[in-house]
Amino acid sequence: MSQYDADCETHKATNGRHYLSFVVDGPADTPDEFELQPSPLEYERLKEHSAGAEDAVGQVPAVYDEGWAIDWDALETASDD
């Protein structure tokens, strides 16, 4: 499964919940974007390990398998380098 960079384009916070939308430059037969409503713990992991944004969610690795998803293992591995 190929990994792609997903850039956080929109971040909204309502009543303690985070709503994120990501844009992905992936294969032509896949959607260009996806949305995520991470748990508070997942949001903190995204903020801590994403690239290109200070104190926010920036670029994260994503994979496509019948829908886009964050590649959590790759996210944490990349930031450990």
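Keep in mind the model is a prediction, meaning the values are calculated, not measured.

(A) Summary view of the pattern of salt bridges. This structure, assessed with the given rule, holds three salt bridges. A salt bridge links Glu44 to Lys47, with the nearest nitrogen and oxygen atoms 3.8 Å apart. Residue Glu44 and its partner Lys47 are located together in helix α1 (residues 40-49), separated by three residues, close to a single helical turn. With its nearest N and O atoms 3.6 Å apart, the salt bridge here joins Asp55 to Lys47. A single network of salt bridges, built from pairs that share partners, joins Glu44, Lys47 and Asp55.

(B) Local environment of the environment of His49. Here His49 lies in helix α1. Each C-alpha atom, one on His49 and one on Glu66, is 25 Å from the other, the two residues being 17 residues apart in sequence.

(C) Quick peek at a negative patch on the surface. A grouping of Asp5, Asp7, Glu9, Asp25, Asp32, Glu33 and Glu35 is seen on the molecular surface, where their side chains present a negatively charged patch. Secondary structure elements with two or more residues in the negative patch: β1 (3-14) and β3 (33-36). At three residues, β1 tops the list of elements feeding residues into the negative patch. Structurally, Glu35 can be placed in strand β3.

How each quantity is defined
- Residues numbered from 1 in each chain as written.
- Predicted model: local features only at pLDDT ≥ 70, side-chain atom pairs only at ≥ 80, totals over all residues.
- Heavy atoms only, no water.
- Salt bridge = Lys/Arg side-chain N within 4 Å of Asp/Glu carboxyl O.
- Helix = DSSP H or I, 4+ residues; strand = E, 2+ residues; numbered from the N terminus.
- Patch = residues over 30% accessible without salt bridge, like charges linked within 9 Å, V, L, I, M, F, W, Y side chains within 5 Å.
- Areas by Shrake-Rupley, 256 points an atom, 1.4 Å probe, with all protein chains shown as cover.
- Lys, Arg positive; Asp, Glu negative; His and termini not counted.
- Charge placed at Lys NZ, Arg CZ, Asp CG, Glu CD.

Nothing here speaks to function; it is all geometry.
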